[in-house]
Amino acid sequence: MKNNIFWVGKVDDRKIPFHRLTLEKGTTYNSYLLKTEKPTIIDTVDIMYSREFVENLKEHINIEDIKYVVINHVEPDHAGALPALLNKAKNATIVTTEKARELLNGMFKLHNREYLIIKDGDTLDIGGKTLKFFETPYLHTEETMITYAIEDKVLFPCDIFSTHIATTDLFNDLAKEDIDEDFKVYYSLIMSPHRNYVQDMIGKIKNLDIEMIAPSHGFVLRENVQKYIDLYDRMSSIPNKNLEKKALILYSSMTGNTGKIGEDIGEGLRNLGIDSKVINVKSSSFEEIKSQVEEANLVLLGSSTRYGDMIGNIEEILKKITKLDLSNKYLTSFGSYGWSGEAIEIINDYLKTTNGKLLDTSYIIKATGDNSIKLPLRMSFYDDKEGKELSIKTGRALGELLLK
Ligand code: FEO
């Protein structure tokens, strides 16, 4: 492909069942060999082509010489041939994220292999080339990362910027048909539920000098590279219609922690352009709250737990809210606690009596694929780093659900 970078993938021209769809044009599983003093493989191929992959690789390199195998994403269409490869590449170190290590160990029992765990922005000298890594969580699963070859100006983003086409032409400037529609369909199917993370990723790569994007499916982009980055930017930007969606967060807080969670959830929702109001019920009349509830698409109720119950006057407000027509509104609860979190359960008992849609963890997993978020959001005290991150992430996930 360029400066001792080789495509060593597999073209799969079958009609492939994929995420409840059929890939009518097939796909490719792009794997790359960087032939340097410390030979490096970036991603592998689908598990069903493991043996063929390793056999083909032998034509390019003595497999025992492979020093690093970079795993950007652990799904079996990319990490599937890893066990077969490692079986021959006895000296190879796996380069990946901490979360990916957990998953690989779970999938393939690779506990005894050497890992190099990367963090956002880390670099690795592979003897003649330097790789830089960026964590890109939820693009499209939790552990994902991307790799940039600094001297060659090549980005290896795995699933990101892919197309599902079983091409043997490799480069987009050699494509016999316009690939833009396939590119957009791929984005819409795989990446669009994670648009805020796409924006985070674009922020990380925007100052890189990228001459070529070598993704894990379909064409390698070496013509109009910036056009494809801009397309992702545009498709993941917040459409104005999001501003029509409204969220209301009502809370009562004993020490301020539940209030912080509420403010953070509001921030996460606003990240997606959702008009979000956060109200401490202690300083608000029911008339004011009632009109806000009527306008909202999503209503969250939060309370600290004290003596096994909710606090302040939120219960009085809650009793009145449950008498309103909440049809077509999503409802959920949150709160901080010290020793137990009964308040959230009691709030949910009230919400169950309404005609609104009471959210639980299942809704979030189905909307975002993220199983690290639990609803209702129950938090022991509040940590300025982890607590804040989880609360913002919960707000974003609720936003994704609201926009579906
Ligand atoms: Fe192409 Fe997420 O696997």
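Residues numbered from 1 in each chain as written. Predicted model: local features only at pLDDT ≥ 70, side-chain atom pairs only at ≥ 80, totals over all residues. Heavy atoms only, no water.

Student: In this structure, what is going on with the pairing of strand S21 (residues 377-380)? I would like to understand it.
Tutor: The two faces of a sheet get side chains in turn, since along a regular strand they alternate between them. Alternating residues of S21 divide into Leu377 and Met379, all buried, and Arg378 and Ser380, none buried. Sheet topology note: the strand S19 (residues 330-337)/S21 ladder contains four bridges and is parallel. Bridged to Tyr337 within S21 is Ser380. (Buried < 20%, exposed > 50% of the residue type's maximum accessible area, 1.4 Å probe, protein only. Helix = DSSP H or I, 4+ residues; strand = E, 2+ residues; numbered from the N terminus. Pairing = 2+ DSSP bridges.)

Student: Help me understand helix H6 (residues 195-205) in this model?
Tutor: Given 3.6 residues per helical turn, the α-helix brings residues three or four places apart onto the same face. For H6, the set of buried residues is Arg195, Asn196, Tyr197, Val198, Met201, Ile202 and Ile205. Summarising the contacts, the buried residues of H6 are in contact with strand S13 (145-149), strand S14 (154-158), helix H5 (180-191), helix H7 (225-236) and helix H13 (386-403). (Contact = heavy atoms within 4.5 Å.)

Student: What is the right way to look at unusual backbone geometry in this model?
Tutor: At the junction of Leu139 and His140, the peptide bond is cis and its omega measures out at 5° in the coordinates. Locating His140 in the fold gives a position in the loop between strand S12 (130-135) and S13. Here the residue pair Leu375 and Pro376 is connected by a cis peptide bond, since its omega of -5° sits within 30 degrees of zero. Within the element layout of this structure, Pro376 appears in the loop between helix H12 (361-368) and S21. For Leu170, which is not a glycine, the phi torsion comes out positive at approximately 70°.

Student: I tried to follow the sheet that holds S14 on my own but got confused; where do I start?
Tutor: Note on sheets: strands pair through backbone hydrogen bonds, and any given pair is parallel or antiparallel. Taken in spatial order, the five strands of this open sheet run S11-S12-S13-S14-S15, and their pairing is mixed. The sheet terminates laterally at strand S11 (123-125) and strand S15 (212-215), the two strands that pair on one side only. This sheet shows a mean twist of 25° between the axes of neighbouring strands, independent of strand direction. Examined bridge by bridge, S14 and S15 share three bridges and lie parallel to one another. (Axes fitted to C-alpha atoms, helices over the stretch in contact; angles between N-to-C directions.)

Student: Before we go on, may I ask you to explain the packing of H12 against H13 in this structure?
Tutor: For any two helices packed against each other, the geometry is given by the interaxial angle and the distance between the axes. Look at H12 against H13: their axes get within 9 Å of each other, and the N-to-C directions meet at 75°. As the angle between them shows, H12 and H13 are arranged roughly perpendicular. Across the interface between the two elements, Tyr363, Ile364, Ala367 and Thr368 from H12 touch Ala397, Leu398, Glu400 and Leu401 from H13. Tallied by class, residues from the contact of H12 with H13 come to six nonpolar, one polar and one charged. (Parallel < 35°, antiparallel > 145°, perpendicular 65-115°, else oblique. Nonpolar A, V, L, I, M, F, W, Y, C, P; charged D, E, K, R; others polar.)

Student: Teacher, can you tell me more about the layout of surface pockets here?
Tutor: Picture a little ball the size of a water molecule; that probe, rolled over the atoms, points out where space is still empty. Taken as a whole, the largest pocket encloses approximately 660 Å³ of empty space. Residue lining of the largest pocket: 24 residues in total, with His19, His194, Lys366, Thr368 and Gly369 positioned closest to the centre. Of the residues that constitute the lining of the largest pocket, the class distribution is eight nonpolar, eight polar and eight charged. Considering only enclosed or pocket space, the second largest pocket measures out at about 560 Å³ in volume. Lining the second largest pocket are 19 residues; nearest its centre among them are Pro137, Tyr138, Glu142, Glu389 and Lys393. Counting residues per element, the lining of the second largest pocket draws most heavily on H13, which supplies six residues. Of the residues contributing to the lining of the second largest pocket, the split by class is five nonpolar, two polar and 12 charged. (1 Å grid on protein atoms, 1.4 Å probe; cavity = no way out; pocket = protein on both sides within 12 Å on 5 of 7 lines; lining within 4 Å. Points joined across faces, edges and corners; volume = space filled by probe spheres on them.)

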